[in-house]
Amino acid sequence: MPEAREYTTDAVIIRKTKLGEADRILTLYTPEYGKIDAVAKGVRKPKSKMAGHLELLTYSRLNLARGRNLDTIIGAQCLDSFAGLKNDLILTSGGLYAAELINQFTVARVASPALFRLFLETLERLARAESPEVSLRYFELHLLDMTGYRPQLQECVSCRQVLKPVNNYFGPAAGGVLCPECAFEHPSAFPLSVDALKVLRLFQRSAGEVISRLKIQAALGQELKTAMAGHIRFVLEREVKSANWMEAMRNHLGPPKPE
């Protein structure tokens, strides 16, 4: 039976590209269809009725018409604009970072409802300014898990012995944590404290509710960020562009204000 020409889906807009004088190509992340590109015709015109529903990091219900190469958005209704996120440059940079990771770690037309929920919940936490850095670390770990790049945190990835409660090492190229005896075999590995490993393990095994209860000191937060950034950079084989902008915003404006 042929597919219906028109269909409806919820989506978060994760990327936009100009097309011609008035159109855009939008990259959408959806629960039912995964990542799809679609044309929004006339959306750059001042009087466009859909423009406000199709901004970056907006959660909308979309009506689309199937096309030969690209589908076309023919209707849109905003479900959540994440206003709290967009009113703060640091929080905005965090949302764009999460969106870039979704774009980089997924392929077109492969659905993952669980990953969609994780992404949506992360944007909701950022919009509430709910422990933004902790929320992003939790998002990174579970994104890696859901896309097949889960770092090994329970045992040494080299000798397979259970890790002892001492300062160990994180080896992105090795795929996780190394014990002190094996770390010398991996020159790119860097130290990982006992507390940092405890927090990463907590994130890896816990549901998102743990985030709102967890308070992390700045030094430990930076250690967690360094570990996850190294792992993600190794997997992608490139820098995450929005991560650099997020860091620049933080250096210029300071940490995000609590709600």
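Per chain, residue numbering runs from 1 following the sequence as it is written. Per-residue local features are limited, in this predicted model, to residues with pLDDT of at least 70; the limit for side-chain atom pairs, both in listing and counting, is 80 or more; totals at the level of whole chains, interfaces and linings are taken over all residues. Side-chain descriptors were evaluated using all non-hydrogen atoms of the structure, hydrogens and water having been removed beforehand.

(A) Local environment of the side chain of Gln204. With respect to the secondary-structure elements, Gln204 resides in helix α6 (residues 194-205). Excluding residues that lie within four positions of it along the chain, Gln204 makes contacts with Leu141, His142, Arg150, Pro151, Leu153 and Gln154. Numbering of helices and strands starts at the N terminus; helices are DSSP runs of H or I of at least 4 residues and strands are runs of E of at least 2. Any two residues whose heavy atoms approach within 4.5 Å at even a single point are treated as in contact.

(B) Region of interest: empty space enclosed by the protein. The method works on a 1 Å grid over the protein atoms by themselves. A cavity is a set of points holding a 1.4 Å probe that cannot get out, a pocket is an open set with protein on both sides within 12 Å along at least five of seven lines, and residues with an atom within 4 Å of a point line them. Grid points are joined across faces, edges and corners, and a volume is the space filled by probe spheres set on the points. All told, the structure shown has one cavity of 30 Å³ or more when counted by the stated rule. What the largest cavity holds in volume is close to 30 Å³. As for the largest cavity, its lining consists of 10 residues, and the residues nearest its centre are Ile90, Gly94, Pro132, Glu133 and Leu136. Within the residue set of the lining of the largest cavity, elements represented by two or more residues are α2 (89-105), α4 (132-146) and α8 (241-253).

(C) Quick peek at the pattern of salt bridges. Counted as salt bridges are all cases of a side-chain nitrogen of Lys or Arg within 4 Å of a carboxyl oxygen of Asp or Glu. On inspection of all chains with the given rule, the structure shows 12 salt bridges. Between Lys16 and Glu55 there is a salt bridge, with the nearest N and O atoms lying 3.6 Å from each other. Taken together, the positions of Lys16 in strand β1 (residues 6-19) and Glu55 in the loop between β3 (34-40) and β4 (59-65) put the pair 39 residues apart, joining distant regions of the chain. Taken together, the shared-partner salt bridges connect Glu133, Arg137, Glu140, Lys225 and Glu247 into one network.

(D) Here's a closer look at the sheet that holds β1. Two strands make a pair as long as DSSP finds a minimum of two bridges between them. Spatial ordering of the closed barrel is given by β1-β2-β3-β5-β4, a layout of five strands whose pairing is mixed. For this sheet the average axis-to-axis angle between neighbouring strands, irrespective of direction, equals 50°. Across seven bridges, the pairing between strand β2 (residues 23-30) and β3 is antiparallel. The partner of Tyr29 across the bridge, within β3, is Lys35. Its contacts with the sheet put α2 on β1, β2 and β3, and the angle it makes with β1 is roughly 105°. In the packing of helix α3 (residues 113-127) onto the sheet, contacts are made with β1, β2 and β4, and the angle to β1 comes to roughly 60°. Axis lines are fitted to C-alpha atoms, over the contacting stretch for helices. Their N-to-C directions set the angle, which ranges from 0 to 180 degrees.

(E) Local environment of the nonpolar core. Definition of nonpolar core: a set of buried residues of the types Ala, Val, Leu, Ile, Met, Phe, Trp, Tyr and Cys, connected through side-chain atoms within 4.5 Å. Under the scheme applied here, a residue whose accessible area is under 20% of the maximum for its type counts as buried, over 50% as exposed, and between as partly exposed, the area being computed with a 1.4 Å probe on protein chains only. In this structure, Leu101 and Phe119 are the most contacted members of the largest nonpolar core, which totals 59 residues. A total of eight residues in this core trace back to one element, the largest contributor, which is α3. If we ignore the near neighbours within four places in the chain, the residues touching Phe119 are Val12, Ile14, Tyr29, Ala98, Ala99, Ile102 and Phe139. Of all hydrophobic cores here, the second largest spans 16 residues; its members include Val43, Ala51, Leu54 and Ala76.

Bear in mind that shape data such as this cannot, by itself, settle questions of function.
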